[in-house]
Protein chains: 2
Amino acid sequence: MKKAEQERLLRRADILKALAHPSRLLMVEKLAEGERCVCELQKMVGADMSTVSKHLSVLKRAGLVQDDKRGLQVFYRLLSPCVLNFFTCVESVIEARKKRGRAACEIAK
Amino acid sequence: MKKAEQERLLRRADILKALAHPSRLLMVEKLAEGERCVCELQKMVGADMSTVSKHLSVLKRAGLVQDDKRGLQVFYRLLSPCVLNFFTCVESVIEARKKRGRAACEIAK
DNA sequence: TAAGTATTTGGTAAAATAGCCAAATAGTGT
DNA sequence: ACACTATTTGGCTATTTTACCAAATACTTA
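Only a predicted model underlies this, so the values are computations on that prediction, with no experimental measurement involved.

Residues and elements named next belong to chain A. An order of S1-S3-S2 is seen for the three strands of this open sheet, with the pairing classed as antiparallel. Of all the strands in the sheet, the pair left with one neighbour each is strand S1 (36-37) and strand S2 (65-70). In this sheet, strand S3 (residues 73-78) lies alongside S2 in antiparallel orientation, the contact comprising six bridges. Its bridge partner being in S3, Lys69 is matched across the sheet by Val74.

Before going further, it helps to spend a moment on the protein's contact with DNA strand C. Surveying the vicinity of DNA strand C reveals 23 residues, the closest of which are A:Cys39, A:Ser53, A:Lys54, B:Ser50 and B:His55. Atoms of DNA strand C within 4 Å of the protein belong to the sugar or the phosphate in 61% of instances, the rest to bases. Here A:Tyr76 contributes a side-chain N or O atom positioned 2.9 Å from a phosphate oxygen of DNA strand C. Contacts to DNA strand C include B:His55, whose side-chain N or O atom sits 2.5 Å from a phosphate oxygen. Sorting the residues of the surface near DNA strand C by element identifies helix H3 (38-45), helix H4 (49-62) and S3 of chain A together with helix H4 (49-62) of chain B as the ones contributing at least two each. Among the residues making up the surface near DNA strand C, the classes are represented as nine nonpolar, eight polar and six charged.

Parameters at a glance
Per-chain numbering applies: the sequence of each chain, read as written, is numbered from 1 onward. Chains carry letters and ligands carry numbers; both start at the beginning, A for chains and 1 for ligands, and go up in the order they are written. The model is predicted, so local features are restricted to residues of pLDDT at least 70 and side-chain atom pairs to those at 80 or more, both for listing and for counting; the totals for chains, interfaces and linings are taken over all residues. Hydrogens and waters are ignored; side-chain quantities use all the structure's heavy atoms. For two strands to pair, DSSP has to find at least two bridges joining them. The secondary structure listing takes helices from DSSP runs of H or I that are at least 4 residues long and strands from runs of E that are at least 2 residues long, numbered from the N terminus. Here a residue is near a molecule or strand as soon as one of its heavy atoms is found within 4 Å of it. We define a polar contact as two N or O atoms separated by no more than 3.5 Å, with the added condition that, inside protein, one atom must be a possible hydrogen donor and the other a possible acceptor, whereas residues neighbouring each other in sequence contribute only through side-chain atom pairs. Residues were grouped as follows: Ala, Val, Leu, Ile, Met, Phe, Trp, Tyr, Cys and Pro as nonpolar; Asp, Glu, Lys and Arg as charged; and all remaining residues, including Gly, as polar.

Geometric descriptors of this kind do not, in isolation, establish any biological role.
Put into structure tokens, the structure is as follows:
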């Protein structure tokens, strides 16, 4: 495999990795409704402030969100709403998996 | 946050995590063209056979691919082609990031 | 300037992931 | 049964990720 190809895959994987965490998924969902300050997101996620801040910096480094400091607070907003389309696909994978699970169960009887 | 909500996020994150690796991304791309046996995928990825096999089991456990043993070989196929749509979005995130990078560079001058 | 609030950063420990090798398993042909 | 090939599994180490706490920073208001 060529080096350029390798890097292309790595960049893509990094963005998916940034999304691949329950707390970060929740924040992305919430940010889809509009910008939120870190303190609001922290309440929603229910983790330590520093933990939430680090999760946000992961999303930011991936280029998925943008931050905007206003006074004491920092507001984050979603830069790429297209990621929301992932969720429908992901749900369909989960549904199909369930269906196969049930079918396998029937056969096992 | 409720427990059901927590689990929903966890299930979604697990599927994204399964995709979030360069080798697994490559395999998904290749499988989009049609089924492939492990040995073919191994050549494409260029890693140890056992490593490739484990990556495939991650994709399988996530419900993204299905395996089918025929003789000595095991053929894998993509179960959810909708994940291919992720790539366009991911590319757009990368492009937007580049563009912002260039703009920041201009300002810095 | 001092005190208070919101956020980030640094440090650290625990857990998850990734890679390779060697060994086990499964199917084929002799 | 034996040798041969394709794949998976187990074991190990190195790396990465995650979460929390404590300390640093940034901004506001008294």
